[in-house]
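# Commentary on secondary and tertiary structure
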Amino acid sequence: MSDAVEFLSIDGRRLAYCEAGAGPPIVFLHGLGGNSASWQPQFEAFADRYHLVAWDMPGFGASELIPL
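Everything in this summary refers to the structure shown in the same document.

Reading guide: rules and limits
- Residues numbered from 1 in each chain as written.
- Predicted model: local features only at pLDDT ≥ 70, side-chain atom pairs only at ≥ 80, totals over all residues.
- Heavy atoms only, no water.
- Helix = DSSP H or I, 4+ residues; strand = E, 2+ residues; numbered from the N terminus.
- Buried < 20%, exposed > 50% of the residue type's maximum accessible area, 1.4 Å probe, protein only.
- Pairing = 2+ DSSP bridges.
- Core = buried A, V, L, I, M, F, W, Y, C linked by side-chain atoms within 4.5 Å.
- Contact = heavy atoms within 4.5 Å.
- Axes fitted to C-alpha atoms, helices over the stretch in contact; angles between N-to-C directions.
- Phe/Tyr/Trp six-rings, centres within 6.5 Å; stacked < 30°, edge-to-face > 60°.

## A closer look at the environment of Phe-7
- With respect to the helices and strands, the residue Phe-7 is situated in strand E1 (residues 6–10).
- A relative accessible area of 35% means that Phe-7 is categorised as partly exposed.

## With respect to the pairing of E1
- Where E1 and strand E2 (residues 13–20) come together, five bridges link them in antiparallel fashion. Opposite Glu-6, over in E2, you have Tyr-17 as the bridge partner.
- Between E1 and E2, which pair antiparallel one after the other, the connecting turn spans two residues, and Asp-11 there sits at a positive phi close to 50°.

## Structural notes on the nonpolar core
- In terms of nonpolar packing, the biggest core is built from five residues, these being Cys-18, Phe-28, Phe-43, Leu-52 and Ala-54.
- Sequence-distant contacts of Ala-54, that is, excluding residues within four places in its chain, are made with Tyr-17, Cys-18, Phe-28, Ser-36, Trp-39 and Phe-43.

## Considering the sheet that holds E2
- In spatial order, the strands read E1-E2-E4-E3; together these four strands make up an open sheet with mixed pairing. Looking along the sheet, the strands with just one partner apiece sit at the ends: E1 and strand E3 (25–28). For this sheet the average axis-to-axis angle between neighbouring strands, irrespective of direction, equals 30°.
- Bridge count for E3 against strand E4 (residues 51–55) is four bridges, and the pairing is parallel. Note on E4: the bridge partner recorded for Val-27 is Val-53.

## Notes on the environment of Val-53
- Looking at the element boundaries, Val-53 is found in strand E4.
- When the C-alpha positions of Val-53 and Ala-20 are compared, they lie 6.8 Å apart, and in sequence the two are 33 residues distant.
- Those residues in contact with Val-53 that sit more than four places away from it in its chain are Tyr-17, Cys-18, Glu-19, Ile-26, Val-27, Phe-28 and Phe-43.

## Section: the packing of aromatic side chains
- Per the stated rule, a full pass over the model turns up three aromatic pairs.
- With centroids separated by 4.9 Å and ring planes inclined at 35°, the aromatic side chains of Phe-28 and Trp-39 adopt a geometry described as tilted. Of this pair, Phe-28 sits in strand E3 while Trp-39 sits in the loop between E3 and helix H1 (40–46); the two residues are 11 residues apart in sequence, bridging distant segments of the chain.
- Look at Trp-39 and you get partly exposed, because its relative accessible area is 21%.
- Relative to Tyr-50, the ring of Phe-46 has its centre 6.1 Å away and its plane inclined at 80°; by these criteria the two rings are edge-to-face.
- A residue is classified by how much of its surface remains accessible, and Phe-46, at 28% relative accessible area, is partly exposed.
- On the basis of relative accessible area, Tyr-50 is assigned to the partly exposed category, the value being 27%.

This is the structure we're talking about:
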């Protein structure tokens, strides 16, 4: 997995994600208590043939919490 976390802004809040590889896309969604780093073994296994994206849910990892 790339060590570089990237960010995008949605409604003024930062959402973190990591991506690697090229080819057909695979999107990884972590469970509660996880973050995009949870998918490191899969990134290492599949980045040579797929475009991989893993996000940090709002309030997890490097993503900002969305207020209720």
